[in-house]
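Here is what each chain is made of, one letter per residue.
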Amino acid sequence: MGSVLGTDPPDAGPLTVAATRWHSGRLLVTFNGIADRTAAEPLRGVWLTVDADQASSPEGPDEFHDHQLVGLTVVTTAGEQVGVVTDVRHHGQDLLVIEPAAGSRRSEVLVPFVAAIAVDVDVAGGRMVIDPPAGLLDLGS
């Protein structure tokens, strides 16, 4: 309660959290000044934002915020250039969205973000090393 969240678009906020609760596996958030569904309707499609400098650090050494991963250069354990992380998707399985290196005909590469594949994540160095299973990457196609 009391956290102030920015919005995208900015003119929709900021919004102050009045209460939170879990319902059927989803987090429900109530904001000050938004009393019912009718008042919430103009917020449909609005993104909530948090200043990355205000976010707490991940608890474990193998945990990362999405913004720490976006922009990392990705290479394989064999040294092949894969591309750059442009997004992280959370659809049951965390997936790295990688913009392929020059010369690839693919528009994006999706790589599961699991320890068995992402074997080294060097945020400070701006690099991630992956050990993809056979067939995951077709760098030349």
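Residues numbered from 1 in each chain as written. Predicted model: local features only at pLDDT ≥ 70, side-chain atom pairs only at ≥ 80, totals over all residues. Heavy atoms only, no water.

**Q** Explain the pairing of strand S1 (residues 4-8) residue by residue, including any values.
**A** Only one face of S1 is covered, namely the face carrying Leu5 and Thr7; the face carrying Val4, Gly6 and Asp8 is uncovered. Across two bridges, the pairing between S1 and strand S2 (residues 15-23) is antiparallel. Its bridge partner being in S2, Leu5 is matched across the sheet by Leu15. Linking S1 to S2, which pair antiparallel, is a turn of six residues. Pairing between S1 and strand S4 (residues 47-49): three bridges, direction antiparallel. Bridge pairing in S4 links Thr7 to Leu48. (Buried < 20%, exposed > 50% of the residue type's maximum accessible area, 1.4 Å probe, protein only. Helix = DSSP H or I, 4+ residues; strand = E, 2+ residues; numbered from the N terminus. Pairing = 2+ DSSP bridges.)

**Q** Tell me about the layout of surface pockets, residues and numbers included.
**A** Of the voids in this model, the largest pocket is the one considered here, and its volume is about 660 Å³. As for the largest pocket, its lining consists of 19 residues, of which Val29, Phe31, Ile34, Ala40 and Leu43 are closest to the centre. Looking at the lining of the largest pocket, the elements that each hand over two or more residues are S2, strand S3 (26-31) and helix H1 (37-40). Classifying every residue of the lining of the largest pocket gives eleven nonpolar, three polar and five charged. (1 Å grid on protein atoms, 1.4 Å probe; cavity = no way out; pocket = protein on both sides within 12 Å on 5 of 7 lines; lining within 4 Å. Points joined across faces, edges and corners; volume = space filled by probe spheres on them. Nonpolar A, V, L, I, M, F, W, Y, C, P; charged D, E, K, R; others polar.)

**Q** Can you lay out the pattern of salt bridges for me, pointing to particular residues and giving the numbers?
**A** Counted under the stated rule, the structure contains two salt bridges. For the salt bridge of Glu41 with Arg44, the shortest nitrogen-to-oxygen distance reads 2.9 Å. For Arg44, a relative accessible area of 65% corresponds to the exposed category. In this structure, Glu108 engages Arg89 in a salt bridge whose closest nitrogen and oxygen atoms are separated by 3.4 Å. One end of the pair, Glu108, is in the loop between strand S7 (93-100) and strand S8 (109-112); the other, Arg89, is in strand S6 (residues 81-91), with 19 residues separating them in the sequence. (Salt bridge = Lys/Arg side-chain N within 4 Å of Asp/Glu carboxyl O.)

**Q** Now, about the side chain of Thr76: what can you tell me, with residues and values included?
**A** Along the chain, the position of Thr76 falls in strand S5 (residues 73-76). Discounting residues that sit within four places of it in the chain, Thr76 has contacts with Val82, Val129, Ile130, Pro132 and Leu137. (Contact = heavy atoms within 4.5 Å.)

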